[in-house]
Amino acid sequence: MKRYETLPKELPVPDFLNEKILRAAADFSARRRQKALHRRIVFGGAAAAAAMLIFSFFAFPQRREIKPQAVMRQDVSGWSAIDQESFVLCAELNSCNLWDEEFSI
Amino acid sequence: MTSPLENMDDGALIASFLRGGEAAFEVLYRRHRGALYAFLTHLAGDSAEADEVFSETWLRTLEKLPKYRDDGKFDAWLFRIGRNYYLDRCRARQRRRNVSLDNEMPPSVPANASSEPQMQSEAKETGELISAALRKLPAEQREVFLLRQQDVAFKEIAAIQRTSVNTVLSRMQYALRALRRELAEIDH
């Protein structure tokens, strides 16, 4: 046997080191599980929000866009600024279709 | 009866651990801890230093595990992490004390740094002589010898030391020559 082969290839590791490292591994594993759970919650939440948005787009009546020209069909030139603004606001809130010929104020 | 984990290779154990299998890491750790501890103890020549480097090596290994590329050489990768950390510590000490790294001689300690109570066998005595002779080698030669002793391929050692295979072979040659000379002197 060559003499340098008597140098031990392995040595026993002290218990306190074994405990320290295995504990660190357990902590590492726990942190990874937590991160994975957090990622699932965040992406799950984002996916749910996106689904809700898409659903509400189809499920609820759309507000019709109040086209500027539709608003101007009503002659508001003689109205005060506040009345004009209120008119537009009411139209938006009621989702009136101001360019609908049946509509009349 | 061995568990199925014992039959898994290192890459499979790592993959299992990263999927949440804590027991897989324990098997991996127990498989490599003795060799790493021996390598670092002989490299550092100081048991307290070896303990510190050993534990930090495993902590760093844990953090790097998600990036490990399974090429079947986990032990070489582990030794590289340990060796690099040990050198970082030596450089930090060198900066503090302005001592040349190559000339730095670790304090004299028994070869078996685990301090077994009985140390009477001839093999153990020879091991101590070799360990003492090793400490007189330049750091790079000592490293090559110890890594080779752990069956790390010369090509891997060259990658760890960031040099050519020829340089590694030369270092090994010089190391063996120096050790033979040292041990021959002790015999006489």
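For the structure, see preceding data.
In short, a report on the structure.

Focus: the environment of Pro138(B)
All names here are of chain B. Within the fold, Pro138 resides in the loop between helix 5 (122–135) and helix 6 (139–149). For Pro138, a relative accessible area of 28% puts it in the partly exposed group. Sequence separation between Pro138 and Ala175 is 37 residues; the distance between their C-alpha atoms is 8.5 Å.

Some points on the interface of chain B and chain A
In this assembly, 40 residues from chain B lie in contact with 25 residues from chain A. Taken together, the two surfaces of chain B and chain A that pack against each other cover about 2,900 Å², and 64% of this comes from carbon and sulfur. Between the two partners, chain B and chain A, sit three salt bridges. Here chain B and chain A share eleven residue pairs in polar contact (both at pLDDT 80 or more) between them. Among the secondary structure elements, those contributing two or more residues to the side of chain B that touches chain A are helix 1 (10–18), helix 2 (22–44), helix 3 (47–64), helix 5, helix 6 and helix 8 (165–187) of chain B. Among the elements that take part in the side of chain B that touches chain A, helix 2 of chain B stands out by supplying twelve residues, more than any other. A class-by-class count of the residues in the side of chain B that touches chain A yields 20 nonpolar, twelve polar and eight charged.

Notes on the pattern of salt bridges
Residue and element names in this part refer to chain B. Tallied over the entire structure, the rule returns 13 salt bridges over all chains. The partner of Glu156 in a salt bridge is Lys73, and the shortest N-O contact between them spans 3.5 Å. Note that Glu156 is positioned in helix 7 (residues 154–161) and Lys73 in the loop between helix 3 and helix 4 (74–97), a separation of 83 residues in sequence. A single network of salt bridges, built from pairs that share partners, joins Glu49, Glu52, Arg89 and Arg93.

Examining the packing of helix 6 of chain B against helix 7 of chain B
Residue and element names in this part refer to chain B. For the pair helix 6 and helix 7, interaxial distance at closest approach is 10 Å and the crossing angle is 140 degrees. The angle between the axes of helix 6 and helix 7 places the two elements in the oblique class. The handedness of the crossing between helix 6 and helix 7 is right-handed. Across the interface between the two elements, Glu140, Glu143, Val144, Leu147 and Arg148 of helix 6 pack against Phe154, Ile157, Ile160 and Gln161 of helix 7. Split by residue class, the contact of helix 6 with helix 7 holds five nonpolar, one polar and three charged.

Some details on the environment of Leu176(B)
With respect to the helices and strands, Leu176(B) occurs in helix 8. Spatially, the C-alpha atoms of Leu176(B) and Leu137(B) are 9.9 Å apart, while their sequence positions differ by 39 residues.

Remarks on helix 6 of chain B
Residues and elements named next belong to chain B. Most of helix 6 sits out of view: nine of its eleven residues are buried. Along helix 6, the residues classified as buried are Ala139, Gln141, Arg142, Glu143, Val144, Phe145, Leu146, Leu147 and Gln149. Looking one or two residues past helix 6, Asp151 carries a phi angle of roughly 65 degrees, positive in sign.

So, the nonpolar core
Counting 58 residues, the largest nonpolar core has Phe25(B), Phe54(B), Trp58(B) and Phe145(B) as the members making the most contacts within it. No other element matches the 13 residues that helix 2 of chain B contributes to this core. Contacts of Trp58(B), omitting those with residues within four sequence positions, involve Ile21(A), Phe25(B), Leu28(B), Tyr29(B), His32(B), Arg33(B), Leu36(B), Phe74(B) and Leu78(B).

Concerning the packing of aromatic side chains
Counted under the stated rule, the structure contains twelve aromatic pairs over all chains. Ring centres 5.1 Å apart and planes at 40 degrees place the aromatic pair Phe17(B) and Phe25(B) in the tilted group. For the pair shown, Phe17(B) and Phe25(B) are each scored as buried. Taking 4.7 Å as the distance between ring centres and 50 degrees as the angle between the ring planes, the aromatic pair formed by Tyr68(B) and Trp77(B) counts as tilted. Accessibility expressed as a relative area gives 12% for Tyr68(B), which makes it buried. Among the aromatic residues, those joined into a cluster by ring pairs are Phe28(A), Phe17(B), Phe25(B), Tyr29(B), Tyr37(B), Phe54(B) and Trp58(B).

Quick look at the packing of helix 3 of chain B against helix 4 of chain B
Residues and elements named next belong to chain B. The interhelical angle for the contact between helix 3 and helix 4, taken along N-to-C directions, is 125 degrees, at an axis separation of 9 Å. For the element pair helix 3 / helix 4, the angle class is oblique. For the pair helix 3 and helix 4, the crossing hand works out as right-handed. Contacts from Glu49, Glu52, Val53, Glu56, Thr57, Trp58, Arg60, Thr61 and Lys64 of helix 3 reach helix 4 at Phe74, Trp77, Leu78, Ile81, Gly82, Tyr85, Tyr86, Asp88, Arg89 and Arg93. Of the residues contributing to the contact of helix 3 with helix 4, the split by class is eight nonpolar, three polar and eight charged.

What counts, and where the lines are drawn
Residue positions are counted from 1 within each chain, in the order its sequence is given. Labels follow written order: the first chain is A, the first ligand is 1, and so on. Only residues with pLDDT of 70 or above have their local features reported here, since the model is predicted, and side-chain atom pairs are shown and tallied only from 80 upward, although totals for entire chains, interfaces and linings are computed over all residues. Excluded from the side-chain calculations are hydrogens and water; all other atoms, namely the structure's heavy atoms, are used. Secondary structure is summarised from DSSP: a helix means a run of H or I of at least four residues, a strand means a run of E of at least two, and numbering begins at the N terminus for each. Using a 1.4 Å probe on the protein chains alone, a residue whose accessible area is under 20% of its type maximum counts as buried, one over 50% counts as exposed, and one in between counts as partly exposed. Contacts between residues were defined by any pair of non-hydrogen atoms, one from each residue, lying within 4.5 Å. Accessible area that two parts lose when put together, evaluated with a 1.4 Å probe and summed over both, is termed the buried area. Any Lys or Arg side-chain nitrogen found within 4 Å of a carboxyl oxygen on Asp or Glu counts as a salt bridge. Whenever a nitrogen or oxygen atom comes within 3.5 Å of another N or O atom, the pair is scored as a polar contact, on the condition that within protein one atom can donate a hydrogen and the other can accept it, and that pairs from neighbouring residues in sequence are kept only if both atoms are in side chains. Residue type decides the class: Asp, Glu, Lys and Arg count as charged, Ala, Val, Leu, Ile, Met, Phe, Trp, Tyr, Cys and Pro as nonpolar, and the leftover types, Gly among them, as polar. An axis is simply a line fitted to the C-alpha atoms; with a helix, the fit covers only the stretch in contact. Between two such axes, the angle follows the N-to-C directions and lies from 0 to 180 degrees. Roughly parallel refers to an angle under 35 degrees, roughly antiparallel to one over 145, roughly perpendicular to one between 65 and 115, and oblique to any angle outside these ranges. By convention the crossing between two helices is left-handed if the near helix lies anticlockwise of the far one by an angle smaller than a right angle, and right-handed if it lies clockwise. We define the nonpolar core as a collection of buried residues of types Ala, Val, Leu, Ile, Met, Phe, Trp, Tyr and Cys that are connected through side-chain atoms lying within 4.5 Å of one another. Only Phe, Tyr and Trp rings are paired, with Trp represented by its six-membered ring, and only when their centres lie within 6.5 Å; those with planes under 30 degrees apart are stacked, over 60 edge-to-face, the remainder tilted.

Purely geometric numbers; function is a separate question.
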